[in-house]
Amino acid sequence: MDSSESWRFLGELLLLLGGAVAAGAALEAIGVSAVIGYLLAGVILGPGLTGFVSDVQPFELVAELGVSLLLFSIGLEMTPAKLRGFGFRGALVGLMQVTLTLVAAALAASVFGFRVGESLVIGCMVAMSSTAVVVRLMVDRGEIDAPRGREALSVLLAQDVAVVPMLIMVGILGSIGSTEGSNAQIAAEATEQLAGAALGLLLVIIALSVFGIFVMPRILGASVFRKNRDFAIVIAIITCMAAAWASHSLGLSPALGAFVAGLVLARVSFARQIRADTGALRAVFLTLFFASIGLLAQVGDLMQPKILAMVGGILVIGLTLKIAMTWFAIRMTGGNRVVGISAALCLAQFGEFSFVVGSEARASGVLDETLFQAAIGASLLSLLATPLLVAKAKPIALAIDRGLVRLGIWRNIPHIEDERASDMVGHVVVIGFGPAGEESARTIRLAGMEPYVLEMNSSTVARIRADGMMAEIGDGSNREILEHMHASDAAAFVVTIPDPEAAIAAVHQIRTLNADAMVVVRGRYSRRLPEITAAGADHVLDEESTVGTLLGATVVARGTGVVEDRTEAWPRPLGRETGTENADD
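All values derive from a computational prediction rather than experimental measurement. (Residues numbered from 1 in each chain as written. Predicted model: local features only at pLDDT ≥ 70, side-chain atom pairs only at ≥ 80, totals over all residues. Heavy atoms only, no water.)

*Asks:* Can you walk me through the sheet that holds strand β1 (residues 428-431) in this structure?
*Replies:* Backbone-to-backbone hydrogen bonds join strands into a sheet, with any given pair of strands oriented parallel or antiparallel. In space, the six strands of this open sheet follow the order β3-β2-β1-β4-β5-β6, with parallel pairing throughout. Every interior strand has two partners, whereas the edge strands, β3 (470-473) and β6 (539-542), have only one. Each strand axis lies, on average, 15° off the axis of its neighbour in the sheet, ignoring direction. Pairing between β1 and strand β2 (residues 451-455): four bridges, direction parallel. Paired with V429 across the two strands is Y452, which belongs to β2. (Pairing = 2+ DSSP bridges. Helix = DSSP H or I, 4+ residues; strand = E, 2+ residues; numbered from the N terminus. Axes fitted to C-alpha atoms, helices over the stretch in contact; angles between N-to-C directions.)

This is how it looks when you write it as structure tokens:
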């Protein structure tokens, strides 16, 4: 590359990065994820449309670096504490979703005549969702702590891990595809490739483990490195890129080596500092990665009837199968059926790792250009639909549930009759039985009042009943269940669910049945309090402001000695006396 070509590449790089930021900011302003803007900027500026960026090849290395940094950061997030937080069920839900969706989509692709390798790659691309888009949308909507948010996070975490074996599989498929001979020879070649990949991965893990556990802490702990934090950033990037280079040299995906580097370094004491220090660089390269994926989209080719039909087929069949398999995985592991549908709708899109897997398959020769263009087009369209699906997930889920009940495909959840419930008057209905709901019910019970709990988790309901309290399985916005709980005769309602949308829907339904009862609601986010109050709540306990007040009071009490040991008197603040509940509930 001569001097003029280098400066031309720099100009195109700046144009692409600036265009991506502009498009991302424009879409963020109207509530759409910036990631979609990055992709669209690449499509518009690329050779498939305007041609401002004419040569895609120089950007492939930039995209590879972006993927490596993405996997590196995800590996850094995989701390033992975080993995334990999701528990066995969370891991099982994610594993089932990835496996079932991959197999179902691959079988569907094979039915339409695609080769085995192509079908498996399509299955991998369909199985992956967008962590960046879904988490951002749920956080903005205050739904990350809702049941569907927790289910979605479990699946997304498993998908982040699953991309590693997927990349290994794509590499093996590429090697097999170039092998000629009998089935026995191809099988032998596949076995050899798998053994080589396993050995290479083992070598990378051992080398990085030794470096991360014994060498890096000593380097970063040295006084000269502690004085200048720039050294830590450079060393972390060197570690990531060295692992990517070593992985590529061993015939593995560079992103795989970067992921292992992050996974190993997540165990060292400097992991948090590394995550923070590399965040800005990761943001730049990821923006370029998504924009470079958009460069690959050939709009003219996508308009051809054959490719357009493939895009529609992958999109419609892929989304349908993915929603069904995700719901099935959540339901079979004990999740609520309505929550399962809602979470499945939020995860329906084909995410950023779909582009990673597709690009790797294209480079390995597993996907031809036509199929790659169709898969990229379907992925882009699915991402564009994500904001709408996340926003309407719950209403759509409830509508599907009611429709299937009317058709007789699903049955109404049976109520276990309690003799005490037949003449209930003046009781307190507690909606939601997380830590906040459990504390509320316990306090109400200690005061001599009768709590009647409404909870969506069947195992939790069984535990509540075993403890001697009345409980029902269901959603607080379901009129039939509230009527069964004698809501019209209740003295008070306590709504403890963290999801603001669900809380507002529950308050609306409560007020249609009982206009006089006291309604106390947990306000997870201050900006949603007016909506909850407008729905009919008498008291909304604002977590954010009251927890801030308690934090400040604790500092003042400890610092001045005015109220000694005040915090010990409030191990778990709740109720009107403190005006809040535990913010981590």
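After presenting the structure, the write-up continues.
*Asks:* Looking at this structure, how should I read the packing of aromatic side chains?
*Replies:* Two descriptors summarise a pair of aromatic rings, namely the distance from one centre to the other and the angle between the planes of the rings. Going through the model one piece at a time under the given rule, you end up with zero aromatic pairs. Its end group placed over the ring of F372, R362 keeps NZ or CZ at 5.0 Å from the ring centre. In this arrangement the basic side chain of R524 is found over the ring face of Y525, its NZ or CZ atom lying 5.3 Å from the centre. (Phe/Tyr/Trp six-rings, centres within 6.5 Å; stacked < 30°, edge-to-face > 60°. Lys NZ or Arg CZ within 6 Å of the ring centre and 35° of its normal.)

*Asks:* I keep staring at the pairing of strand β4 (residues 492-495) and nothing clicks. Help me out?
*Replies:* Look at any regular strand and the pattern is simple: side chains alternate between the two faces of the sheet. Alternating positions in β4 separate into two faces, A492 and V494 on one and F493 and V495 on the other, with burial throughout. When β1 meets β4, the two strands line up parallel, connected through four bridges. Each bridged residue has a counterpart across the sheet, and for V429 the counterpart in β4 is F493. One ladder, built from four bridges, connects β4 with strand β5 (residues 518-523); its direction is parallel. Looking at the pairing, V495 lines up with V521 of β5. A crossover links β4 with its parallel partner β5, the connecting element being helix α23 (residues 500-513), and its sense is right-handed. (Buried < 20%, exposed > 50% of the residue type's maximum accessible area, 1.4 Å probe, protein only. Right-handed = clockwise from strand over helix to strand, strands pointing away.)

*Asks:* Hey, could you run me through the environment of V53 in this one?
*Replies:* Along the chain, V53 turns up in the loop between α2 (34-45) and α3 (57-77). When the C-alpha positions of V53 and L16 are compared, they lie 7.6 Å apart, and in sequence the two are 37 residues distant. Setting aside residues no more than four positions away along its own chain, V53 makes contact with E12, L45, G46, P47, F59 and L295. (Contact = heavy atoms within 4.5 Å.)

*Asks:* Any chance you could explain the environment of A505 here in plain terms?
*Replies:* With respect to the secondary-structure elements, A505 resides in helix α23. In this structure the C-alpha to C-alpha distance between A505 and I532, which are 27 residues apart in sequence, comes to 9.0 Å.

*Asks:* Quick question: what am I supposed to make of unusual backbone geometry here?
*Replies:* If you check the backbone angles, H486 has positive phi at about 55° while not being a glycine. Topologically, H486 is positioned in the loop between α22 (479-484) and β4. Classification of H486 as partly exposed rests on a relative accessible area of 22%.

*Asks:* Please explain helix α25 (residues 543-560) as it appears in this structure.
*Replies:* One turn of an α-helix holds 3.6 residues; hence residues three or four places apart share an orientation. Taking 1.5 Å as the rise per residue, α25 with 18 residues should run 26 Å; its terminal C-alpha atoms sit 25 Å apart, in good agreement. Those residues of α25 lying buried are E543, T546, V547, L550 and A557. For α25, the angular spread of the buried residues around the axis is 100°, confining them to a single face. Seen from the buried face of α25, the exposed residues on the opposite side, beyond 90 degrees, are T549, L551, V555, G559 and T560. Between a side-chain oxygen at the N-terminus of α25 and the backbone nitrogen of E544 the separation is 3.2 Å; the capping residue is D542. (Expected span 1.5 Å × (residues − 1). Arc of directions from axis to C-beta. Polar contact = N/O pair within 3.5 Å; in protein donor to acceptor, adjacent residues only side chain to side chain.)

*Asks:* Please clarify how a nonpolar patch on the surface should be interpreted in this entry.
*Replies:* On the surface, a cluster of nonpolar side chains totalling about 810 Å² of accessible area is made up of L199, L202, L203, I206, V210, I213, F214, V215 and L250. Within the element layout of this structure, I213 appears in helix α8 (residues 183-221). (Patch = residues over 30% accessible without salt bridge, like charges linked within 9 Å, V, L, I, M, F, W, Y side chains within 5 Å. Areas by Shrake-Rupley, 256 points an atom, 1.4 Å probe, with all protein chains shown as cover. Salt bridge = Lys/Arg side-chain N within 4 Å of Asp/Glu carboxyl O.)

*Asks:* How should the packing of helix α1 (residues 3-29) against α3 be read in this particular structure?
*Replies:* The description of two packed helices rests on the angle between their axes and on the distance between the axes. At a minimum axis distance of 11 Å, the contact between α1 and α3 shows a crossing angle of 55°. The angle between α1 and α3 places the two elements in the oblique class. Taken as a pair, α1 and α3 cross one another with a handedness that is right-handed. The segment α1 lies against α3, with F9, E12, L13 and L16 engaging P58, F59 and V62. Taken together, the residues of the contact of α1 with α3 sort by class into six nonpolar, no polar and one charged. (Parallel < 35°, antiparallel > 145°, perpendicular 65-115°, else oblique. Left-handed = near helix turned anticlockwise from the far one by under 90°. Nonpolar A, V, L, I, M, F, W, Y, C, P; charged D, E, K, R; others polar.)

*Asks:* Would you take a moment to explain the pairing of β3 for this structure?
*Replies:* Alternating positions in β3 separate into two faces, M470 and E472 on one and A471 and I473 on the other, with burial throughout. The sheet contact formed by β2 and β3 spans four bridges and is parallel. Across the sheet, L454 pairs through a bridge with E472, a residue of β3. At this point the chain moves from β2, through helix α21 (residues 458-466), to the parallel β3, and the crossover so formed is right-handed.

*Asks:* Sorry, what's going on with the side chain of E151 here?
*Replies:* The topology assignment puts E151 in helix α7 (residues 147-177). If sequence neighbours within four positions are ignored, E151 has contacts with R89, V93, I330, G335, V339 and A343.

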